[in-house]
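Remarks on the overall topology
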Amino acid sequence: MMKYGLPIFLSIALLGYWVPQDKSSQQTSGKNSFIKVEFDPSKKETSVSIDPFLAINIGYNADIGMMAISGRFTYSGQTKVSIPQQAEMRFISISRIGWQFANEKDLNLTAIVDGENLSLGRAARVSAKKQLEDSRIYDKRDPNYRESYKYIEAASAFVSYENFAKIANGRRLEIRLGTKNLKIEKKHMEAYQALYRAMSQ
């Protein structure tokens, strides 16, 4: 069975999560090196984001699916004049076993920060794409050959500044999305902390 690697980032790119060429973009340095700042002249809006990172889906076989998480906030114009009131958390699922965000119960969102449950409401499914696996790596003459698909989806949730502050400043973080328990590693916690600092400055 084919392992996931570079294809996950190609799939994310197909859904439009990388920066279109008509946007001005810059990467920050130092403690905020996780941060990407993009200005969209068509919307007259600036987006401050972290790139998607793979989350450890506890009890889930990585051969049949993966989950990536990103975050961002926006403000009007090119200069932030006040602290944004919310941040967006986006969840990207790539699965071989079907849709993961099709039902409302799959989208209930809870953050477990240092052992404390923080209810974040319900995420919304924002995109879905069914994609045929690269058949060139299989022999179609094999009697056991079956077409295989990847189910690529994104869900989004808007989190208040106060709740995002608790998430970013925690020492240990798990995110529960429906029945999926996502463990966030230290290096990815640092990305959330950098995004929170950018909101607060």
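If you tally the helices and strands in the protein chain, you get three helices and 11 strands. Taken from the N to the C terminus, the helices and strands of the protein chain come in the order α-β-β-β-β-β-β-β-β-β-α-β-β-α. Relative to its 201 residues, the protein chain shows a buried fraction of 44%. Pairs at least 24 residues apart make up 66% of the contacts formed inside the protein chain by residues separated by at least 6 positions. Total accessible area on the protein chain stands at roughly 11200 Å², and carbon and sulfur atoms take up 49% of it.

Here we come to the pattern of salt bridges. Using the criterion set out here, one finds six salt bridges in the structure. When the shortest N-O distance is used, the salt bridge between glutamate 88 and arginine 72 registers 2.7 Å. A residue pair is termed long-range when its members are at least 10 positions apart, and glutamate 88 in strand 5 (residues 86-95) and arginine 72 in strand 4 (residues 65-76) qualify at 16 residues. Exposure remark for arginine 72: the relative accessible area of 31% places this residue in the partly exposed category. If you follow the salt bridges from partner to partner, you end up with Arg72, Glu88 and Arg90 in one network.

In this structure, Ile69, Phe91, Ile167, Leu173, Ile175 and Tyr192 are the most contacted members of the largest nonpolar core, which totals 42 residues. In terms of residue count, the dominant contributor to this core is helix 3 (residues 186-200) (eight residues). The residues contacting phenylalanine 91, other than those within four sequence positions of it, are Met67, Ala68, Ile69, Phe101, Leu109, Glu153, Ala154, Ala155, Ile175, Leu177 and Leu182.

The two faces of strand 11 (residues 180-184) differ: Lys180, Leu182 and Ile184 on one face are buried, but Asn181 and Lys183 on the other face are not. Inspection of the sheet shows strand 3 (residues 45-57) paired to strand 11 by two bridges, in the antiparallel sense. What sits directly across from isoleucine 56, in strand 11, is lysine 183. The antiparallel hairpin formed by strand 10 (residues 173-177) and strand 11 contains two residues in its connecting segment, where glycine 178 sits at a positive phi of about 60 degrees.

Right, let's get into the packing of aromatic side chains. Counted under the stated rule, the structure contains five aromatic pairs. Geometrically, the ring pair formed by tryptophan 99 and tyrosine 151 is edge-to-face, given 4.9 Å between the ring centres and 80 degrees between the ring planes. One end of the pair, tryptophan 99, is in the loop between strand 5 and strand 6 (108-113); the other, tyrosine 151, is in strand 9 (residues 149-160), and 52 residues separate them in sequence. A connected cluster of aromatic rings, assembled from ring pairs, spans Phe53, Phe164 and Tyr192. The cationic tip of arginine 125 hangs over the ring face of tryptophan 99; the distance from NZ or CZ to the ring centre is 5.0 Å. One residue, lysine 130, lies across the ring of tyrosine 149, its end atom 4.4 Å from the ring centre.

Here the focus is unusual backbone geometry. Even without being a glycine, lysine 44 presents a positive backbone phi close to 55 degrees. Topologically, lysine 44 is positioned in the loop between strand 2 (35-40) and strand 3. Taking the relative accessible area as the measure of exposure, lysine 44 reaches 60% and is therefore exposed. Of note in this structure, aspartate 114 is not a glycine but carries a positive phi near 50 degrees. Note on placement: aspartate 114 falls in the loop between strand 6 and strand 7 (116-122). Aspartate 114 sits in the partly exposed class, given a relative accessible area of 30%.

Each value, and the rule that gives it
- Residues numbered from 1 in each chain as written.
- Predicted model: local features only at pLDDT ≥ 70, side-chain atom pairs only at ≥ 80, totals over all residues.
- Heavy atoms only, no water.
- Helix = DSSP H or I, 4+ residues; strand = E, 2+ residues; numbered from the N terminus.
- Buried < 20%, exposed > 50% of the residue type's maximum accessible area, 1.4 Å probe, protein only.
- Contact = heavy atoms within 4.5 Å.
- Areas by Shrake-Rupley, 256 points an atom, 1.4 Å probe, with all protein chains shown as cover.
- Salt bridge = Lys/Arg side-chain N within 4 Å of Asp/Glu carboxyl O.
- Core = buried A, V, L, I, M, F, W, Y, C linked by side-chain atoms within 4.5 Å.
- Pairing = 2+ DSSP bridges.
- Phe/Tyr/Trp six-rings, centres within 6.5 Å; stacked < 30°, edge-to-face > 60°.
- Lys NZ or Arg CZ within 6 Å of the ring centre and 35° of its normal.

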